[in-house]
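A closer look at the structure
The primary structure of each chain is shown beneath.
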Amino acid sequence: MQGPGIGWYVIVAAILFGTGALGVMLRRSPLIVLLSLELMLNAANLTLIAFARQQGSLDGQIFALAVMAVAAAEVAIGLGLIVAMARRGVALDVDQAQALKG
Amino acid sequence: MGDFLVWVVWFLAAGGCLATGVAVVSLTNPFYSALALIGNLAALAVFYLLLSAEFLAAAQVLVYAGSVMVMFLFVVAYLGGRADAPWAGGPPLLRLAAIVAAAALLVEVVVVLGLAWGDDLRGAAEITDTFGSPGSIGELFLTDHLLAFEITSIVLLVAAVGGVVLGTTPEKKDEEAG
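Residues numbered from 1 in each chain as written. Chains lettered and ligands numbered in written order. Predicted model: local features only at pLDDT ≥ 70, side-chain atom pairs only at ≥ 80, totals over all residues.

From N to C terminus, chain B includes eight helices and zero strands. Counting from the amino terminus, helix and strand elements in chain B follow one another as α-α-α-α-α-α-α-α. Taking all 178 residues of chain B together, the buried fraction comes to 23%. Taking contacts inside chain B between residues at least 6 apart in sequence as the whole, the part at least 24 apart equals 56%. (Helix = DSSP H or I, 4+ residues; strand = E, 2+ residues; numbered from the N terminus. Buried ≥ 20, exposed ≤ 12 C-beta atoms within 10 Å, placed from the backbone. Contact = placed C-beta atoms within 7 Å.)

Written out as structure tokens, the structure reads:
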């Protein structure tokens, strides 16, 4: 395998995951929280694919593909929730959405 | 020479990946944040190509950057000014705790990596040309991972139905409140 070893990819993935986790915990806008979640999922995907390459097994790539499908589903539901919040006049702030009622 | 070029491409992708990642988290306008995430996905697709995951790189750009992010940008445009996300964090203690928690996560991974560094993380298996090609992925999906494939389709169906349910018009009294 040419270029950097698997460890380098995993380090980038770790930093990316930390950034995403920071965004999820720090930001109040549900839109940004959703985007930061995507960052975390993608960091996990990068590790899966890196180790799939190291092991020479395609199972990791299949797993990554499943994660992508779940992420797509998550975005669809998350955006649906955000739009529903906005239409009901709830402020787009994860701290203010405290009750699970319309 | 080829090895050097791979390193250059790797560093460009890593720089783009981390810079756009920070941009996603720090920008106050979700529209720009989403655009930064598209850049992040593109940089990750470069990584996937370097890791011989051709099909996943293509799927990443087509499915993620192509359709999921367009859906996201649609919603940001629909929300307009309400979508703005100024840096109004919670209580200072909460912010500090968030930074500490994220740093702890990072340190954890770095320590584990440091322990495993060496031959474990340097070597890579010998692979054939078809590794990561659509053909080999599809073959695995329809043989060993058929159940996962079918369950994925059900998950997507449930998400689609959920999106429709969430998107239906709210009751009258709620509309007045909004």
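Let us keep going from here.
What follows covers the overall build of chain A. When helices and strands are tallied, chain A shows three helices and zero strands. If you list the helices and strands of chain A from N to C, you get α-α-α. Computed over its C-alpha atoms, the radius of gyration of chain A comes to 17 Å, more than 25% above the 13 Å expected for a compact globule of 102 residues. For the C-alpha atoms alone, the extent of chain A along its principal axes is close to 55 × 25 × 15 Å. Out of the 102 residues in chain A, the part that is buried amounts to 55%. Summarising the internal contacts of chain A: among those between residues at least 6 apart in sequence, 43% fall at separations of at least 24. (Rg over C-alpha atoms; globule rule 2.2 N^0.38 Å.)

A few words on the nonpolar core. Counting 72 residues, the largest nonpolar core has Tyr9, Ala13, Leu46 and Ile49 of chain A together with Tyr48 of chain B as its most contacted members. When contributions to this core are tallied by element, the ones reaching two or more residues are α1 (6-26), α2 (30-55) and α3 (59-87) of chain A together with α1 (2-26), α2 (30-50) and α3 (54-79) of chain B. For Tyr48 of chain B, the contacting residues outside a window of four places in its chain are Ile49 of chain A together with Ala53, Leu56, Ala57 and Gln60 of chain B. (Core = buried A, V, L, I, M, F, W, Y, C linked by C-beta atoms within 7 Å.)

The subject of this paragraph is the interface of chain A and chain B. Taken together, the contacts link 66 residues of chain A with 80 residues of chain B. Breaking the side of chain A that touches chain B down by element, the ones donating at least two residues are α1, α2 and α3 of chain A. Top contributing element to the side of chain A that touches chain B by residue count: α3 of chain A, with 21 residues. Per-class residue counts for the side of chain A that touches chain B are 42 nonpolar, 17 polar and seven charged. (Nonpolar A, V, L, I, M, F, W, Y, C, P; charged D, E, K, R; others polar.)

The next thing to look at is the environment of Asp95 of chain A. All names here are of chain A. Tracing the sequence through the fold places Asp95 in the segment after α3. Judged by local crowding, Asp95 falls into the exposed class, with 12 C-beta atoms found within 10 Å. The sequence separation of Asp95 and Arg28 amounts to 67 residues, and the corresponding C-alpha distance is 6.7 Å.

This part is about the packing of α3 of chain A against α3 of chain B. Helix-helix packing is characterised by the crossing angle of the two axes and by the distance between the axes. Two elements in contact, α3 of chain A and α3 of chain B, have axes separated by 11 Å at closest approach and are oriented at 5 degrees. The angle between α3 of chain A and α3 of chain B places the two elements in the roughly parallel class. Only Leu56, Ala59, Val63, Tyr64, Val68, Met71, Phe72, Val75, Tyr78 and Leu79 of chain B of α3 of chain B make contact with α3 of chain A, whose side of the interface consists of Gln61, Ala64, Leu65, Met68, Ala72, Val75, Leu79, Ile82, Val83 and Ala86 of chain A. Of the residues in the contact of α3 of chain A with α3 of chain B, the class split is 19 nonpolar, one polar and no charged. (Axes fitted to C-alpha atoms, helices over the stretch in contact; angles between N-to-C directions. Parallel < 35°, antiparallel > 145°, perpendicular 65-115°, else oblique.)

Moving on to the packing of α2 of chain A against α2 of chain B. Interhelical geometry of α2 of chain A versus α2 of chain B gives an angle of 5 degrees and a closest axis separation of 10 Å. Relative to α2 of chain B, the element α2 of chain A is oriented roughly parallel. When α2 of chain A is examined against α2 of chain B, the residues Leu31, Ile32, Leu35, Glu38, Leu39, Asn42, Leu46 and Ile49 of chain A are found in contact with a partner set consisting of Pro30, Ser33, Ala34, Leu37, Asn40, Leu41, Leu44, Phe47 and Tyr48 of chain B.

Time to look at the environment of Gly80 of chain B. Of note, Gly80 of chain B is situated in the loop between α3 and α4 (92-116). Taking the C-alpha atoms as reference points, Gly80 of chain B and Phe31 of chain B, 49 residues apart in sequence, are found 9.6 Å from one another.

Before going further, it helps to examine α1 of chain A. For α1 of chain A, with 21 residues, the first-to-last C-alpha span of 30 Å sits near the 30 Å given by 1.5 Å per residue. Of all 21 residues making up α1 of chain A, 16 are buried, and the element is well covered by its neighbours. (Expected span 1.5 Å × (residues − 1).)

Non-glycine residue Ser52 of chain B carries a positive phi angle of around 50 degrees. As for its placement among the helices and strands, Ser52 of chain B is situated in the loop between α2 and α3.

For the rest of this paragraph, the subject is the confidence of the model for chain B. Residues and elements named next belong to chain B. For chain B, per-residue confidence averages 84 on the pLDDT scale, and residues scoring 70 or more make up 89% of the total. The spread of mean pLDDT over the elements of chain B runs between helix α8 (residues 172-177), the lowest at 51, and α2, the highest at 92. The complex model carries a pTM of 0.88, and its ipTM stands at 0.90. (pLDDT = per-residue confidence, 0-100.)

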